[in-house]
Amino acid sequence: MKKKLTEELITEIYQILLTEMGPQGWWPADSKPEIILGAILVQNTNWRNVDRSLKNLRQASNFEPAKILQLSSAALMELIRPSGFYRQKAATIHNVFKWLDRYQWNYSKITTHFGTKLRARLLHLNGVGNETADVFLVYIFDQPVFIADNYARKLFVYLGYPAATYQQLQRQIKLPAAFTYQDAQELHGLLDEFGKNWLKNRAQFEQSFLAQRLKINRW
């Protein structure tokens, strides 16, 4: 029988990571437009490449939405070229920024307008997939949602909760009712930082403080 992924386990993992690693302060950005750009640019690449693109965008626009929208497609593509897939990503940036501009970048207004249908609306934006939509929900629209990215899937596979796709893991996980959007932000940051250091393979994970603490707590 497949094990059920409980809210208690999510809480336990969160508390262990937070105690051992401390607050991570994710997402690494100074403004929500910068977060949006980073979430789009990081698709299918690493953060080093994203950082180079963000530096270019900062110099060209200081991440001001109006200036981003004024950039031609060719100019935007050249600025974000280090992140790869720059044609698709430039189109996604323009689509998302135009959509937000329609609502005067009023995130609370957008949340109220779409309600429970906000995630579905985000997924209708060209270039926005499940992970990017959830990053937007957590870091832009301040909602407590679980981001089932590659590190999260790898961790839960090692813990005995296999999920081949983003959607499969997300369907298994329900965040505790007491979780705030700040908790969801922190959990995502903790899982990614943990993943960078301890999830290269199963043997490495088994030596981690998280694996040891979880075993001790069950014995």
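For the structure, check the block above.
Here the structure is a predicted model, which means the values were calculated and not measured.

Here is what the cut-offs are and how they apply
- Within each chain, residues carry numbers counting from 1 in the order of the written sequence.
- A pLDDT threshold of at least 70 governs which residues receive local features in this predicted model, and a stricter bar of 80 or more applies before side-chain atom pairs are shown or counted, although totals over entire chains, interfaces and linings include all residues.
- Calculated side-chain values reflect all of the structure's heavy atoms, with hydrogen atoms and water omitted.
- Comment: elements are numbered from the N terminus, with helices defined as DSSP H or I runs of at least four residues and strands as E runs of at least two.
- Any Phe, Tyr or Trp ring, taking Trp's six-membered ring, that has another such ring centre within 6.5 Å forms a pair; planes under 30 degrees apart are called stacked, those over 60 apart edge-to-face, and the others tilted.
- Each residue is assigned to one of three classes by its accessible area relative to the maximum for its type, calculated with a 1.4 Å probe on protein chains only: buried under 20%, partly exposed between the two thresholds, exposed over 50%.

Moving on, we get to unusual backbone geometry. With glycine set apart, most residues show a phi of negative sign, and most peptide bonds adopt trans. A cis geometry characterises the amide bond from W26 onward to W27, with omega recorded as 10°. By the element assignment, W27 lies in the loop between α1 (7-21) and α2 (32-41). Phi at F63 takes a positive value of approximately 60°, unusual for a residue other than glycine. Positive phi is not limited to glycine here, since F85 has a value of about 45°. Locating F85 in the fold gives a position in the loop between α5 (73-79) and α6 (86-102).

A full pass over the atoms with the stated rule returns 16 aromatic pairs. A centroid spacing of 5.9 Å and a plane angle of 70° characterise the contact between Y103 and F114, whose relative ring orientation is edge-to-face. Here F114 lies in helix α7 (residues 107-114) and Y103 lies in the loop between α6 and α7, a separation of 11 residues in the sequence. Like F114, Y103 is buried. Both rings, one in W105 and one in Y107, keep their centres 6.5 Å apart while their planes meet at 90°; by these two values the pair is edge-to-face.

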